[in-house]
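Examination of the molecular architecture
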Amino acid sequence: ARDFDYRPLVVMCTVALSLTLIEYYGDRDVWDAIVRRFLPSLEGHRFRELSGFAYWSGARVVGYVLLPLLVVLFMPRERFRDYGLSTQGVLKHLWIYGLLFLVVVPAVVMVSFTKPFQHTYPFYKLAARSWTDFLLW
């Protein structure tokens, strides 16, 4: 009889949990509700909008990075590199990253002149307001 390999089940459950948490608790609307209820003094603050983007970004870091890392950390006899998290081979493949970068940058520059792109980006429209806004963003 073969032993049951629990790892795929753990990975799938972690993915389901991460995506569910991000979907229901990781959006700026949730941050707006938190501010209204628990941090009303933040309403009208200069960096109020930026705080919503920070919450949104932080939720993604927690869901896509920290939660999976914690799960792997607490799984017995598992290593991060068993899940593709390693810096090994980065320098060996650096030329591929550079080549792809050179292919993508002109495409992004061309698309950046279109109305839909300019309507969407930058997410934080006040980034040009000051150097502080720009650097924090």
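None of the values given here were measured: they were computed from a predicted structure.

Our next topic: the environment of V35. Within the secondary structure, V35 is located in helix 2 (residues 28–38). Judged by its relative accessible area of 0%, V35 is buried. Along the chain, V35 and R48 lie 13 residues apart, while their C-alpha atoms are 9.2 Å from each other. V35 has contacts with P40, L42, E43 and R48, leaving out every residue within four places of it along the chain.

In this section: the packing of helix 1 (residues 7–25) against helix 3 (residues 48–74). Taken N-terminus to C-terminus, the directions of helix 1 and helix 3 make an angle of 165 degrees; their axes are 10 Å apart at the nearest point. Between helix 1 and helix 3, the angle falls in the class roughly antiparallel. Helix 3 is crossed by helix 1, and the crossing has right-handed handedness. For the pair helix 1 and helix 3, the contacting residues are V10, T14, L17, S18, L19, L21, I22 and Y25 in the first and Y55, A59, R60, G63, Y64, L67, P68 and V71 in the second. Classifying every residue of the contact of helix 1 with helix 3 by side-chain character gives twelve nonpolar, three polar and one charged.

Turning to the packing of aromatic side chains, a few remarks are in order. Applying the stated criterion to the full structure yields nine aromatic pairs. With centroids separated by 6.0 Å and ring planes inclined at 70 degrees, the aromatic side chains of F53 and Y124 adopt a geometry described as edge-to-face. Note that F53 is positioned in helix 3 and Y124 in the loop between helix 5 (115–120) and helix 6 (131–136), a separation of 71 residues in sequence. Among the residues examined, Y124 registers a relative accessible area of 0% and is labelled buried. Ring-pair connections join several aromatic residues into one group, and the members of that group are F53, W56, F117, Y121, F123, Y124 and W137. Stacked on the ring of F53, the Lys or Arg R28 has its end atom at 4.1 Å from the ring centre.

Look at helix 3: 36 Å from first C-alpha to last across 27 residues, which is about the 39 Å you get at 1.5 Å a residue. At V62, helix 3 is bent by approximately 40 degrees, the largest bend along its length. For helix 3, the secondary structure elements touched by its buried residues are helix 1, helix 2 and helix 6.

Quick look at the nonpolar core now. Core analysis: the largest hydrophobic core is formed by five residues, namely F47, L50, F53, Y124 and A127. Once residues within four sequence positions are removed from consideration, Y124 is found in contact with F47, E49, L50, F53, R129, D133 and W137.

Turning to the side chain of S18, a few remarks are in order. Of note, S18 is situated in helix 1. The class for S18 is buried, based on a relative accessible area of 3%. When near neighbours in sequence (up to four residues on either side) are disregarded, S18 contacts G63, L67 and P68.

How each quantity is defined
- Residues numbered from 1 in each chain as written.
- Predicted model: local features only at pLDDT ≥ 70, side-chain atom pairs only at ≥ 80, totals over all residues.
- Heavy atoms only, no water.
- Helix = DSSP H or I, 4+ residues; strand = E, 2+ residues; numbered from the N terminus.
- Buried < 20%, exposed > 50% of the residue type's maximum accessible area, 1.4 Å probe, protein only.
- Contact = heavy atoms within 4.5 Å.
- Axes fitted to C-alpha atoms, helices over the stretch in contact; angles between N-to-C directions.
- Parallel < 35°, antiparallel > 145°, perpendicular 65-115°, else oblique.
- Left-handed = near helix turned anticlockwise from the far one by under 90°.
- Nonpolar A, V, L, I, M, F, W, Y, C, P; charged D, E, K, R; others polar.
- Phe/Tyr/Trp six-rings, centres within 6.5 Å; stacked < 30°, edge-to-face > 60°.
- Lys NZ or Arg CZ within 6 Å of the ring centre and 35° of its normal.
- Expected span 1.5 Å × (residues − 1).
- Bend = angle between axes of the 7 residues up to and from the residue.
- Core = buried A, V, L, I, M, F, W, Y, C linked by side-chain atoms within 4.5 Å.

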